[in-house]
Amino acid sequence: MSNRNTFPCPNCNRIFSTQRSLKLHLPSCRRNLLSAKECHSQIEYHPLRSIHHTSNLDDCSQCDPSVSDDDDSEMDDFFPAESYLCSDDYDNAHQFLNEYEQSQGQQSTAASKLQIKLNNLINSHKAPIKLYDDIVDLFNEYIGCKNFDRFSKLKSRKSFIKANDSVYNVTHLRPKYRNVVLTDATEVTVPVFDAKSMILDLVTNPLTMNDSNIAAGYDVFTGNVDDSFPDNQCYGEVHTGDEWIKAKNLYCTNTDEIENDMPIALIVFADKSHTDLHGTLSVTPLIFTLTCFNRSARNNTDFWRPLAYIPNLSLGKNKADKRETKDKVQDEHRCLSVALDSIKEIHRKGGFYAVVMGRVVKIKVWIHFFIGDTEGNNKVLGHYPGNKKQVCRPYRDCHCNYDDLTNPNPSCVYTTIAEMREAKRVKRDNVKEGLALLKSMSRYDIKNALTGKDLPLSDIERGPWGMTPPELMHTSGQGIIKYIFESLSIQIGSGRDRDEIDKQHIRMYMIIKRQSERDCGAMRNGIIDGTKCQAEERKGNLFSLMCIAHTVDGSVKLQKALGYPSQSRWKKFVEFLKLYLSMELWFHDCNQKEEVHNSRDMIAKVLRMLQDLFPREEGTNGWCIPKMHVMTKFMEYMIRYVSAMNFFGAQGESSHKFFVKAPGLKTQRRAKEFAAQIAEQYYQVMVTHFALRAIQQQEEGNNELPNETVNQTEALTECFTGKYCLVVTNAILQGMRD
């Protein structure tokens, strides 16, 4: 074979007879791939290097300029520049023109115009790109329906919602707008939902009230706990806690076999949320779920319902508001009292009857516990903030003073509701002495909405002060772990050692992210820098630090940066990282009851190591902070309300997207009307969900209504949904016969 008719590969020297075969071979040339892999193996991980860069093998030529030049020169011999020039042959121009006109004709059909306009509409509204496919699927399903009517016109949104409102008779779900007079004689509007209607919407919904969503080992109709069930030997679901039987026996009798009291205990979550940058458009949603649902169900927003939306009471005031703090707290309690009125009404009437899962029961309602952050719980209880030395009782539920906050194993004396009643009695007799007593208790002189008459609470001894358990997201993620990294930042400094640790973090992050877990830290900043970092990300960064400490390079650099004088202190540091992360997981786990009762000493050991290894800088309160004191109380509240996952704030925080963020985008974004408009938008969401549930049940029963214009010869089938009145008399029947 002559050299003129052969074409060797520039990489592997393989001989080809035609240029085409060489072109097909070059992209898959094995030697070329091997050289690219060797080139990429020398590149270090970088968080900004995308998958497109790593998969583009041609970029490896940048590693060696000489290779790039040789390849270009050799390839030019086989593929001259002239081969890439356009031909001057215009003989096929008319064929191209005909194909173009034909394609334009295809795009001028009604379906094509609809899709073009739909795509443009979605782009103009900044909607997700998947919405296009969802709408197209919905239209295709509608067009292919057997009772499709091309002459039917779709209604506008307002007309459609109004029609569903009357057809499905869901007006009882609509919020009522209550005007509340504040301490400065101004009025605010609080949208309030009826608690009875919200509870009925949960317990009569077959999608929520079924056996798969009920806690295992729990009798949903009586509230009884099966002690022989293995899971009930652990502190797992809410009914396994020590407070459950006390509260159930307090409100439910079940002495009559005919009339059955069904316990419905509420878990109430309250936390302020905003939809703009500066917090002007903010509300405090008061939402609840039921304790009878299992943990996986309560993690779903479909199992939560709103009680009220408390508006932004500091609008237009902020730092310019010179009123006393107790007046500001009193304003929130006035709104909170209005939000809880419907629960009080249920308790005053002794419950209400309902048909639940085919059984007639009398529902008894009470609030089992509250979930919120430290600031929110302090306001709900009317307690002073605990971050100042002058506060007599820094933490809301006990008598411990400022110096007791660092004690890793304190003996707390818990406050009771009788103490608050005594302080109010003393104030009635002597105002000065009463105010002094309230100050010694670190309580504001307010009319507390949670201690009002007829509000059913699970703990009648300690009252609401024993019903606000701490939760890990704010206590640890936004507290303890944040202070750990601040201490490490001071110990390590900002020199080369810190840069080396950050590089180790990037390397570890690139390795860890290959697995399915997603709570393993972030790389917005360095591992020690706590800014621009959320609570769960800090926990992931602490896990990444523990992994780095177990590598050869990481342990050497960390020991050098921390300057530990002995190997024993380094081992103590590594042991603490493992113990602390394990303790957090243990708090959220389902643990044996005996193990929880015996855990105080181990928790105290971890907290002592924490204070020893991570001293805080001067000018702070050190570890004399309420969040350190809170860590000692998790065991107590796990005994009362079981696993800390049951009062974890992440589910409530996540529900803000459904109850506040999404409805807030559909409002006019006016601060004065923001709470009312959010409530109205959420009501419309509930109406749509109710209607969707109705048509799904209708389709499952094959009870679709035929269109008269399409199926005129078929038998007419009517399906009635909602509230109707049927009157049958002899006169009417006779008139129908005539």
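Residues numbered from 1 in each chain as written. Predicted model: local features only at pLDDT ≥ 70, side-chain atom pairs only at ≥ 80, totals over all residues. Heavy atoms only, no water.

**Considering the overall build of the protein chain**
A tally of regular secondary structure across the protein chain gives 28 helices and 12 strands. A burial count over the protein chain gives 44% of its 738 residues as buried. Considering only intrachain contacts with a sequence separation of at least 6, the fraction spanning at least 24 residues in the protein chain is 66%. (Helix = DSSP H or I, 4+ residues; strand = E, 2+ residues; numbered from the N terminus. Buried < 20%, exposed > 50% of the residue type's maximum accessible area, 1.4 Å probe, protein only. Contact = heavy atoms within 4.5 Å.)

**Describing helix α13 (residues 341-348)**
For α13, every residue scored as buried is listed here: Ser342, Ile343, Lys344 and Ile346. In this fold, the buried residues of α13 make contact with α9 (195-203), β6 (261-270), β9 (305-311), α12 (325-339), β10 (352-356) and β11 (359-371).

**Quick word on empty space enclosed by the protein**
Applying the stated rule across the entire model yields 3 cavities of 30 Å³ or more. Empty space within the largest cavity amounts to approximately 100 Å³. What lines the largest cavity is a set of 13 residues, among which Arg298, Trp304, Met645, Asn646 and Gln651 lie closest to the centre. Counted by class, the lining of the largest cavity contains 6 nonpolar, 5 polar and 2 charged residues. What lines the second largest cavity is simply Gly372, Asp373, Thr374, Asn377, Tyr395, Arg396, Pro469, Pro470, Glu471, His474, Thr475 and Val630. Mapped by element, the contributors of at least two residues to the lining of the second largest cavity are α14 (374-381) and α17 (472-492). Considered class by class, the residues forming the lining of the second largest cavity number 4 nonpolar, 5 polar and 3 charged. (1 Å grid on protein atoms, 1.4 Å probe; cavity = no way out; pocket = protein on both sides within 12 Å on 5 of 7 lines; lining within 4 Å. Points joined across faces, edges and corners; volume = space filled by probe spheres on them. Nonpolar A, V, L, I, M, F, W, Y, C, P; charged D, E, K, R; others polar.)

**Looking at the nonpolar core**
Of all hydrophobic cores here, the largest spans 156 residues; its most connected members are Tyr309, Ile363, Phe573, Phe576 and Phe587. Considering each element in turn, this core owes the most residues, 11 residues, to helix α21 (residues 567-587). Not counting the four nearest positions on each side in its chain, Tyr309 is found in contact with Val190, Pro191, Phe193, Val283, Thr284, Pro285, Phe659, Val660, Ala675, Ile678, Ala679 and Tyr682. Membership of the second largest hydrophobic core comes to 6 residues, among which are Cys9, Phe16, Leu22 and Leu26. (Core = buried A, V, L, I, M, F, W, Y, C linked by side-chain atoms within 4.5 Å.)

**As for the pattern of salt bridges**
The final tally for this structure, using the stated rule, is 33 salt bridges. For the salt bridge of Lys246 with Glu243, the shortest nitrogen-to-oxygen distance reads 3.6 Å. In this pair, Lys246 and Glu243 both sit in helix α10 (residues 242-251), 3 residues apart, roughly one turn of the helix. Here Lys503 ties to Asp499 by a salt bridge, and the two come within 3.8 Å at their closest N and O atoms. Of the two residues, Lys503 and Asp499 are both situated in helix α18 (residues 496-512); the distance of 4 residues between them amounts to about one turn of the helix. Residue class for Lys503 comes out partly exposed when judged on its relative accessible area of 49%. Several salt bridges converge on common partners, so that one network encompasses Glu243, Lys246, Asp459 and Arg640. (Salt bridge = Lys/Arg side-chain N within 4 Å of Asp/Glu carboxyl O.)

**Some points on the packing of aromatic side chains**
Counted according to the given criterion, the structure contains 23 aromatic pairs. Where Tyr168 meets Phe690, the ring centres are 6.2 Å apart and the plane angle is 70°; that geometry is what we call edge-to-face. Taken together, the residues span a long stretch of sequence, with Tyr168 in the loop between α8 (157-167) and β3 (176-181) and Phe690 in helix α27 (residues 674-700) at a distance of 522 residues. A residue is classified by how much of its surface remains accessible, and Tyr168, at 14% relative accessible area, is buried. Assessed through its relative accessible area of 23%, Phe690 is described here as partly exposed. Ring geometry for Phe193 and Tyr682: centres 6.3 Å apart, planes at 90°, overall edge-to-face. Of this pair, Phe193 sits in the loop between β4 (187-192) and α9 while Tyr682 sits in helix α27, placing them 489 residues apart in sequence. These aromatic residues form a ring-pair network of at least three members: Tyr564, Trp570, Phe573, Phe576, Tyr580 and Phe614. (Phe/Tyr/Trp six-rings, centres within 6.5 Å; stacked < 30°, edge-to-face > 60°.)

**Describing the pairing of β11**
The buried count for β11 comes to 11 of 13 residues, which makes it a mostly enclosed element. Both β6 and β11 contribute to a ladder of 9 bridges, which runs parallel. If you follow Pro263 over to β11, its bridge partner there is Lys364. Across 5 bridges, the pairing between β10 and β11 is antiparallel. Across the sheet, Ala354 pairs through a bridge with Val361, a residue of β11. Connecting β10 to the antiparallel partner β11 that follows it, the hairpin turn spans 2 residues, and Met357 within it adopts a positive phi of roughly 55°. (Pairing = 2+ DSSP bridges.)

**A few points about the pairing of β3**
Bridging between β3 and β4 involves 6 bridges; their strand directions are antiparallel. Bridge pairing links Tyr177 to Pro191 in β4.

**Points about α9**
Along α9, 7 of the 9 residues are buried, which leaves the element largely enclosed by surrounding structure. Where α9 is concerned, the buried positions are Ala195, Ser197, Met198, Ile199, Asp201, Leu202 and Val203.

**Here's the deal with a nonpolar patch on the surface**
Judged by side-chain polarity, Leu114, Phe139, Tyr142, Ile143 and Leu154 come together as a nonpolar surface patch covering roughly 510 Å² of accessible area. A total of 3 residues in the nonpolar patch trace back to one element, the largest contributor, which is helix α7 (residues 130-143). Mapped onto the elements of the fold, Ile143 is located in helix α7. Residue Ile143 is classed as partly exposed on the basis of its relative accessible area of 48%. (Patch = residues over 30% accessible without salt bridge, like charges linked within 9 Å, V, L, I, M, F, W, Y side chains within 5 Å. Areas by Shrake-Rupley, 256 points an atom, 1.4 Å probe, with all protein chains shown as cover.)

**Some details on the packing of α17 against α21**
Their axes nearest at 12 Å, the elements α17 and α21 cross at an angle of 170°. Between α17 and α21, the angle falls in the class roughly antiparallel. Contacts between α17 and α21 involve Leu472, Ser476, Ile480, Ile481, Ile484 and Leu488 on the former and, on the latter, Phe573, Phe576, Tyr580, Glu584 and Phe587. A per-class count over the contact of α17 with α21 returns 9 nonpolar, 1 polar and 1 charged. (Axes fitted to C-alpha atoms, helices over the stretch in contact; angles between N-to-C directions. Parallel < 35°, antiparallel > 145°, perpendicular 65-115°, else oblique.)

**Quick notes on the environment of Met635**
Within the fold, Met635 resides in helix α25 (residues 634-641). Classification of Met635 as buried rests on a relative accessible area of 7%. Note: C-alpha distance between Met635 and Ser599 (36 residues apart in sequence) is 7.2 Å.

**Examining unusual backbone geometry**
Trans is the prevailing form of peptide bonds, just as negative phi is the prevailing case for residues other than glycine. Within the chain, Met357 stands out as a residue other than glycine whose phi angle is a positive 55°. Examined against the element boundaries, Met357 turns out to sit in the loop between β10 and β11. Positive phi, close to 75°, is recorded for Asp454, a residue that is not glycine.

**Here we look at the side chain of Asn646**
Take Asn646: it is sitting in the loop between α25 and α26 (650-664). Judged by its relative accessible area of 4%, Asn646 is buried. At a separation of 2.2 Å, a polar atom in the side chain of Asn646 contacts the side chain of Arg298. (Polar contact = N/O pair within 3.5 Å; in protein donor to acceptor, adjacent residues only side chain to side chain.)

**Some details on the environment of Asn11**
Within the secondary structure, Asn11 sits in the loop between β1 (7-8) and β2 (15-16). Residue Asn11 is classed as buried on the basis of its relative accessible area of 19%. Separated by 18 residues in the primary sequence, Asn11 and Cys29 have C-alpha atoms spaced 7.4 Å apart.

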